[in-house]
Amino acid sequence: MRILLDTNLLVRAAITPKGSAREILRLIEASAEHTLIISAYLLSEVADVLRRDRIRARWPLTDLEIGAYCQYLARVAAEVTPEALRAVIQDEKDQAVIETAVSGRVDAICTSDGHFYQAPVLEFCEAHAIRVLKDVELLNRLRVAI
């Protein structure tokens, strides 16, 4: 399965080593049947979020650690260059996720962002054979595949 994890999940995987997001990342990496899809935009956004003051106040990652994490993601994922699509979702950051997913021919977008669960977005994703899953749903699917 080709999987795109949204920025929120990738950030959670960095700051909570024993959480579900990190387990999802480990299961994808450990399986020859699954591929993590990412774009330069998503890597940049992950780094930006991890550098925010409110994130660093609680999870003080250094610039070196953030850089190493983003390099790790780039190494374990297949990076795609998204093509611009007609706007499907209001937030341009979310639109970048949709464009990466379509360009990367993903089977699933894993996100807890409510914008992705609105009918027009779900219909668009369905037309491109993309499922939108919450982390618990994806984690259960990945565990069953072991």
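To be clear, the structure that these remarks concern was listed above.
To keep things clear, this report deals only with the structure shown in the data block. (Residues numbered from 1 in each chain as written. Predicted model: local features only at pLDDT ≥ 70, side-chain atom pairs only at ≥ 80, totals over all residues. Heavy atoms only, no water.)

### Some words on the overall build of the protein
Tallying secondary structure elements over the protein gives eight helices and five strands in all. Along the protein, from the amino end to the carboxyl end, the secondary structure elements read β-α-α-β-α-α-α-β-α-β-α-β-α. At 15 Å, the protein has a C-alpha radius of gyration in line with the 15 Å of a compact globule built from 146 residues. With the C-alpha coordinates aligned to their principal axes, the bounding extent of the protein is approximately 40 × 35 × 25 Å. Taken over 146 residues, the protein has a buried fraction of 45%. For the protein, the proportion of contacts with a sequence separation of at least 24, taken over those separated by at least 6, is 61%. For the protein, the exposed surface amounts to about 7,800 Å²; the carbon and sulfur share of it is 52%. (Helix = DSSP H or I, 4+ residues; strand = E, 2+ residues; numbered from the N terminus. Rg over C-alpha atoms; globule rule 2.2 N^0.38 Å. Buried < 20%, exposed > 50% of the residue type's maximum accessible area, 1.4 Å probe, protein only. Contact = heavy atoms within 4.5 Å. Areas by Shrake-Rupley, 256 points an atom, 1.4 Å probe, with all protein chains shown as cover.)

### A look at the packing of helix α3 (residues 40–50) against helix α6 (residues 92–103)
Where α3 contacts α6, the two axes come as close as 9 Å, and the packing angle between them is 140°. Classified by the angle their axes make, α3 and α6 are oblique. For the pair α3 and α6, the sense of crossing is left-handed. Residues Tyr41, Leu42 and Glu45 of α3 form the contact with α6, whose own contacting residues are Lys93, Ala96, Val97 and Thr100. The residue makeup of the contact of α3 with α6, split by class, is four nonpolar, one polar and two charged. (Axes fitted to C-alpha atoms, helices over the stretch in contact; angles between N-to-C directions. Parallel < 35°, antiparallel > 145°, perpendicular 65-115°, else oblique. Left-handed = near helix turned anticlockwise from the far one by under 90°. Nonpolar A, V, L, I, M, F, W, Y, C, P; charged D, E, K, R; others polar.)

### Points about the side chain of Asp94
For Asp94, the position within the fold is in helix α6. Lys93 provides the closest opposite charge to the buried, salt-bridge-free Asp94, at an N-O distance of 8.6 Å. At 3.2 Å, the side chain of Asp94 forms a polar contact with the side chain of His115. Residues within four places of Asp94 in sequence aside, it is in contact with Ile89, Asp113, His115 and Phe116. (Lys, Arg positive; Asp, Glu negative; His and termini not counted. Salt bridge = Lys/Arg side-chain N within 4 Å of Asp/Glu carboxyl O. Polar contact = N/O pair within 3.5 Å; in protein donor to acceptor, adjacent residues only side chain to side chain.)

### Let's talk about the pattern of salt bridges
All told, the structure shown has four salt bridges when counted by the stated rule. Notably, a salt bridge pairs Arg51 with Asp63, separated by 3.2 Å at the nearest N-O pair. Here the residue Arg51 occupies a position in the loop between α3 and α4 (53–58), and Asp63 occupies one in helix α5 (residues 63–76), the gap between them amounting to 12 residues. A salt bridge links Arg56 to Asp63; the nearest nitrogen and oxygen atoms lie 2.4 Å apart. With a relative accessible area of 44%, Asp63 lands in the partly exposed category.

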